[in-house]
Amino acid sequence: SCKARKEALEYHEHYLRVPGPLWYVTGHVDMFLEKDAVFRALEVKTIDGDRFEDLVAPLAEHEWQLQTYMWGLGLPGVAPPVPIDGNIGYVLYLSKKHPGRKKLPVKMYPVERNPVMVDRIEAKLALYTEGLRNYPKNLPAPVEECQDAKYANYRAKTCPCLAECRRSN
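Remember, predicted model here, so these are calculated numbers, not experimental data.

The rules behind these values
- Residues numbered from 1 in each chain as written.
- Predicted model: local features only at pLDDT ≥ 70, side-chain atom pairs only at ≥ 80, totals over all residues.
- Heavy atoms only, no water.
- Helix = DSSP H or I, 4+ residues; strand = E, 2+ residues; numbered from the N terminus.
- Buried < 20%, exposed > 50% of the residue type's maximum accessible area, 1.4 Å probe, protein only.
- Axes fitted to C-alpha atoms, helices over the stretch in contact; angles between N-to-C directions.
- Parallel < 35°, antiparallel > 145°, perpendicular 65-115°, else oblique.
- Contact = heavy atoms within 4.5 Å.
- Nonpolar A, V, L, I, M, F, W, Y, C, P; charged D, E, K, R; others polar.
- Pairing = 2+ DSSP bridges.

A. Fine view of unusual backbone geometry. You will see that Asp36, though not glycine, has its phi angle at about 55°, which is positive. With respect to the element layout, Asp36 can be found in the loop between β3 (31-35) and β4 (38-47). Of the residues examined, Asp36 reaches a relative accessible area of 66% and is grouped as exposed.

B. Local environment of the packing of helix α2 (residues 60-73) against helix α3 (residues 115-133). The contact between α2 and α3 brings their axes to 10 Å, and the two run at 80°. Between α2 and α3, the crossing angle belongs to the class labelled roughly perpendicular. Residue-level contacts link Glu63, Trp64, Gln67, Thr68 and Trp71 of α2 to Met117, Val118, Arg120, Ile121, Glu122 and Leu125 of α3. Partitioning the contact of α2 with α3 into residue classes produces six nonpolar, two polar and three charged.

C. Region of the structure containing the pairing of β4. Of all 10 residues in β4, seven are buried; the element is thus mostly enclosed. As paired elements, β3 and β4 share five bridges and run antiparallel to each other. If you follow Leu33 over to β4, its bridge partner there is Arg40. Connecting β3 to the next strand, β4, in antiparallel fashion are two residues, including Asp36 with a positive phi near 55°. Relative to strand β5 (residues 88-95), β4 runs parallel, the two being bridged by six bridges. Within β5, the residue paired with Thr46 across the bridge is Leu94.

The following block contains the structure:
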């Protein structure tokens, strides 16, 4: 409806693949914002209109995802097509319910690289590496959502170790 030409927007998914000794961290950064010839990662999320009203900071899982992207984009062997500022990124929320004429249904939060979170990401990957190297002897303990005997949630259903967990429980 804005009558912009299709060339006004260029869409290309930048696939992130961080190689590890026995695993890969993969993902797609939703968007990059350019500032002073350096690009920053931006993660776009939709959110229920009622939750949007109370939102004052990025949700934890979205901040972890962005921290992983900022960390991964700066690692050797990962070659983004442009220089990336791995010290700051953004989470952009789009409300599924329009809040009215005086407000935009958009909130964006800057996320600074958090060395404590990056250390925890690297520690978790080290734990996975150890679990894979000595499989099944050194599998990490199941996450809390997987303690449910029915394995009914999405995270449990898509876990690559689901069969092993079912055998051991």
